[in-house]
Structures are given as C-alpha cells and as structure tokens.
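# Examining the three-dimensional arrangement
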Amino acid sequence: VPRSPLVLYHDLLAAVPGEDETARAAAVRSALRGEADAMPAPLRTVLEGAGVSRGYVLRHLLPVRGFAPEVREAMQRGLPLAVARLVNGIADAGARARALAPLADVAPAAGALLPRGLAAQVERMARAERGRARATAHRDGRAVTLSDDGWLAAARPTARPRRPRGDVWTFPPLRGVPRGAEALHPLVVEGLLARTVPTGGRLIDVTAGAGTIAQVARRFGVDSWSGDLEPGAEFVHRADARTLLVGGHPGVGPGVADVLVIHPPTYPAWAEHRDAAALGGLDGYLDDVADMVTGPLAAVRPGGFVVLITRPVREPRRVSLTTSHLAQLLTDTGLALEGYVVAVADAGGEDWHVLLGRVPVAD
Ligand SMILES: C[S@@+](CC[C@H](N)C(=O)[O-])C[C@H]1O[C@@H](n2cnc3c(N)ncnc32)[C@H](O)[C@@H]1O
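I will try to describe carefully the structure that is included in this document. (Residues numbered from 1 in each chain as written. Predicted model: local features only at pLDDT ≥ 70, side-chain atom pairs only at ≥ 80, totals over all residues. Heavy atoms only, no water.)

Right, let's get into unusual backbone geometry. Its identity is not glycine, yet Arg-317 carries a phi of approximately 65 degrees, on the positive side. Residue placement: Arg-317 occurs in the loop between strand S9 (313-315) and strand S10 (318-320). (Helix = DSSP H or I, 4+ residues; strand = E, 2+ residues; numbered from the N terminus.)

Rendered as structure tokens:
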C-alpha cells in the first residue's frame, strides 16, 4: 500500500458525502459493494490513485472507524495497520497502553515510517498482552492448570454433551466475539464431543487459538492437549501442528488421543498472511493443511476420530469454499470419511463445515 493507511482512510471518507465519520464510512462501504459504474467519481479517483482493492478497503481500512483513539494515534506515528488491528483487539485499555509503550518517544507525523524493529516490538507485546488477557480461563472459580505432561484435566462431568439431531445443526450467534477470531460456538463443540467422545476421553486440538474446544471439553469429562503456532491462552502450547510429534512435547505421542481436531485458517486468511502465490495458491494451502493433519495423526488411536473444521468465506462477488478439497485430503490420508456436519448460526451469519474422519482399525 503506497501511503499511510490512516491517510488513505481519511481520503476515502472525504470523497463521499455524510455528516459524520460513521455516515461517511457507511457511504464508502455501500459504494464499494454496489455497481462499479455507480461509484462516486471522487471515491473512484482516490481508490485508483492508491491502487488498493475494494476488498482491502472493506476488510482492512474501514474497520479503522472502530479503533481506539490511542491506536489511531499510534498509526499516525507509523504503526502498520496489521499491528494496529492486533492492539485494538485487546479489550483492556491498560493492556493496550502497555503494548503501545515502545512508541512513546516517536512523534506523530502523517505518512511516517517507524524506526526499524519498533513495530515488531509492539506486535510482540500485543500478542503477549492478548495471551494474558485470554488466559482467564476459570471454571468453578478455579484457575485452569495443566498436568505435568501438558494436558488439561477434565472436571467431573455433570451432564453428557448434547447431540443435535441430524447433520445440519443450528446454534445462536456468538455475541461479543469478533468474527476474525474464528472461535467455534460452544454448542458446536458440544455436538462434536457427543459424536466422538460422548462419555469422556482424550482430545488433541492442534489449532486451538484461544482454547475454546478445550474449555468446553473439560466440562464434559474430556481431557485435552491444546497447541497453536500463536497460543491465545496460557494452557495452549506453542506448537507447530506439522511437526507436533517431533517437536518435543512430552504429553503427545503415538495413540494417546481419541480425537484430533484441526481447525486451520481459512484459505483467504492463510493467503493474506503468507505469500500465497509463491506458496502455490490453493494447492499450497491444501499441502499445508495436509501437513497439519499428517503431522499429529499418529497421536490418534486406531478407531479414533480426526475432526477437520472449515467454513466458506463470502466476499462481494467472490466465495472461497474448500470443503470438498479438505474431504478429499482426509480420504487421501487414509481416513474413512464418516460424517459431514454443517453448523449454521440461526441468524444466518455463520456456517461451519465439519468433516469427521476415522482412523482405520488394523485387521
Ligand atoms: C481458525 S483458527 C482456530 C480457532 C479455534 N478453533 C477457536 O475456536 O478459538 C486457526 C488457528 O490455526 C493456527 N495455526 C495456523 N497454522 C498452524 C500450524 N502450522 N500449527 C499450529 N497452529 C496453526 C492459527 O494460529 C490460528 O490460531
């Protein structure tokens, strides 16, 4: 992006009518979603001059409207948009201030570039603050602690997980969780447990994020081990799924789990964070997910389950849908594809596609 995202954001808003920032941002959004021919000429000029896509403006720039004032100010000092978004995702103002502290001596200047290394420092601090904030996983007033081998022990279950009927499930929308967090709804997790370990067992989640699955599993008598490249909770280990069994994690070894869950980033999210073209586009993505399945696969006992979760990503005039590719990937890996569940938020805003594979039992 050729110029400061904040300057571009203001230029875009200035190119449409509206009495305040909210109205102007809404006008930009609807112009970008509408027919190209109907776009106001000043807006077209700014867009063409900046050389950015509509998707970039819709997904990345317009959300600046909801940024906290100090995060915007940090952008004026040159904080890159991706890091600003990360800091803005920290709910606690004190924690946000701590993450931004390395910028204290940098003077605001439109279009400024930060001294080398400072953005990376803020990013590291923001991730640490987010990890701390999310690690408030409490159950019955007690902090969640791990056993010596890194497993999260189940609580004594008071109920069996509820099994929704059929293969199309509905659930109420998850409130207060940003869509980008990709967190699964606890009811969807409960349904998955009912399908795989209804009376308890052991589950490994290799893309655990903030550890939603482990926290639900715990309530239903399921012990869990959670890992992620970027852990979002204290009980989630920093681990690469692709090399899990060679990565020196004492609690994870051959046949220790009844269920393995892989919930990889969607293809657009993966492509955004990597040089997708250099990594082979969709094929590169599928290779990466295949490694995330095969890396930890030996940890599942014969007859155990492999749960692969994805969702379609819909954007204006574009849909990314990888479900059938991922189903093929499971069968190519030698798993029996035993189930396919679509879990839909009843307000219609979310739909998860869940593939259930099974490790064959040797004759
Ligand atoms: C869609 S999110 C998972 C969300 C999680 N199931 C929840 O409910 O909070 C995908 C996660 O995969 C992680 N990830 C991507 N590549 C990975 C890899 N090779 N090994 C481990 N985790 C990875 C990302 O850091 C991200 O947290």
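A few words on the site of the ligand. With respect to spatial proximity, 20 residues lie near the ligand, and among them Thr-212, Asp-228, Asp-240, Ala-241 and His-263 are the closest. Interatomic distance of 2.6 Å between a side-chain N/O atom of Asp-228 and an oxygen atom of the ligand. Computed on the free molecule, the ligand has an accessible area of 610 Å², of which 91% lies beneath the protein chains in the complex. A per-class count over the shell around the ligand returns eleven nonpolar, four polar and five charged. (Near = heavy atom within 4 Å. Polar contact = N/O pair within 3.5 Å; in protein donor to acceptor, adjacent residues only side chain to side chain. Areas by Shrake-Rupley, 256 points an atom, 1.4 Å probe, with all protein chains shown as cover. Nonpolar A, V, L, I, M, F, W, Y, C, P; charged D, E, K, R; others polar.)

The subject of this paragraph is the pairing of strand S4 (residues 201-205). On any regular strand, side chains alternate: one points to one face of the sheet, the next to the other face. Of all five residues that make up S4, four are buried, and the element is covered over most of its length. Note: S4 against strand S5 (residues 222-228), five bridges, orientation parallel. Across the sheet, residue Arg-202 finds its bridge partner in S5, namely Asp-223. Assessed by its sense of winding, the connection that carries the chain from S4 through helix H10 (residues 212-219) to S5 is right-handed. (Buried < 20%, exposed > 50% of the residue type's maximum accessible area, 1.4 Å probe, protein only. Pairing = 2+ DSSP bridges. Right-handed = clockwise from strand over helix to strand, strands pointing away.)

On to helix H3 (residues 41-50), then. Restricting attention to buried positions, one finds in H3 the residues Leu-43, Val-46, Leu-47 and Ala-50. Here the buried residues of H3 occupy an arc of 95 degrees about the axis, which is enough to place them on one side. For H3, the exposed residues lying more than 90 degrees away from the buried face are Ala-41, Thr-45, Glu-48 and Gly-49. Residues of H3 that are buried in the fold lie against helix H1 (5-14), helix H2 (21-33) and helix H4 (54-61). Backbone geometry just downstream of H3 places Gly-51 in the positive-phi region, at approximately 65 degrees. (Arc of directions from axis to C-beta. Contact = heavy atoms within 4.5 Å.)

Under the definition given, this model contains 16 salt bridges. Note that Arg-77 is salt-bridged to Glu-73, the shortest N-O span being 2.5 Å. Residue Arg-77 is classed as buried on the basis of its relative accessible area of 14%. A salt bridge links Arg-98 to Glu-129, with the shortest nitrogen-to-oxygen separation between them at 2.9 Å. One end of the pair, Arg-98, is in helix H7 (residues 93-100); the other, Glu-129, is in helix H8 (residues 118-134), and 31 residues separate them in sequence. Several salt bridges converge on common partners, so that one network encompasses Arg-59, Glu-315 and Arg-318. (Salt bridge = Lys/Arg side-chain N within 4 Å of Asp/Glu carboxyl O.)

Turning our attention to the packing of aromatic side chains. Here the structure, examined in full by the defined rule, presents three aromatic pairs. Relative to Tyr-285, the ring of Trp-270 lies with its centre 5.5 Å away and its plane at 70 degrees, an arrangement referred to as edge-to-face. Of this pair, Trp-270 sits in helix H11 (residues 267-273) while Tyr-285 sits in helix H12 (residues 281-297), and the two are 15 residues apart along the sequence. For Trp-270, a relative accessible area of 3% puts it in the buried group. Grouping aromatic residues by their ring pairs yields a cluster made of Tyr-267, Trp-270 and Tyr-285. (Phe/Tyr/Trp six-rings, centres within 6.5 Å; stacked < 30°, edge-to-face > 60°.)

Structurally, Ala-217 is set in helix H10. For the pair Ala-217 and Gly-304, spaced 87 residues apart in sequence, the C-alpha to C-alpha distance is 16 Å. When sequence neighbours within four positions are dropped, the list of residues in contact with Ala-217 reads Leu-193 and Val-222.

A word on the nonpolar core. Val-57 and Leu-79 are the most contacted members of the largest nonpolar core, which has 45 residues in total. Breaking this core down by element, the ones donating at least two residues are H1, H2, H3, H4, helix H5 (69-76), helix H6 (81-88), H7 and H8. What Val-57 contacts, discounting residues up to four positions off in sequence, is Leu-12, Val-28, Leu-32, Leu-47, Val-52, Leu-62 and Pro-63. Ranked by size, the runner-up nonpolar core spans 29 residues in total, among them Trp-151, Val-206, Leu-260 and Met-292. (Core = buried A, V, L, I, M, F, W, Y, C linked by side-chain atoms within 4.5 Å.)

Moving on: the sheet that holds strand S6 (residues 237-238). Spatial strand order, S3-S11-S12-S8-S7-S4-S5-S6: eight strands in an open sheet with mixed pairing. Single-partner strands in this sheet number two, and they are strand S3 (168-171) and S6. Where strand S11 (residues 336-345) and strand S12 (residues 351-358) come together, eight bridges link them in antiparallel fashion. Bridge pairing in S12 places Leu-337 opposite Gly-357.

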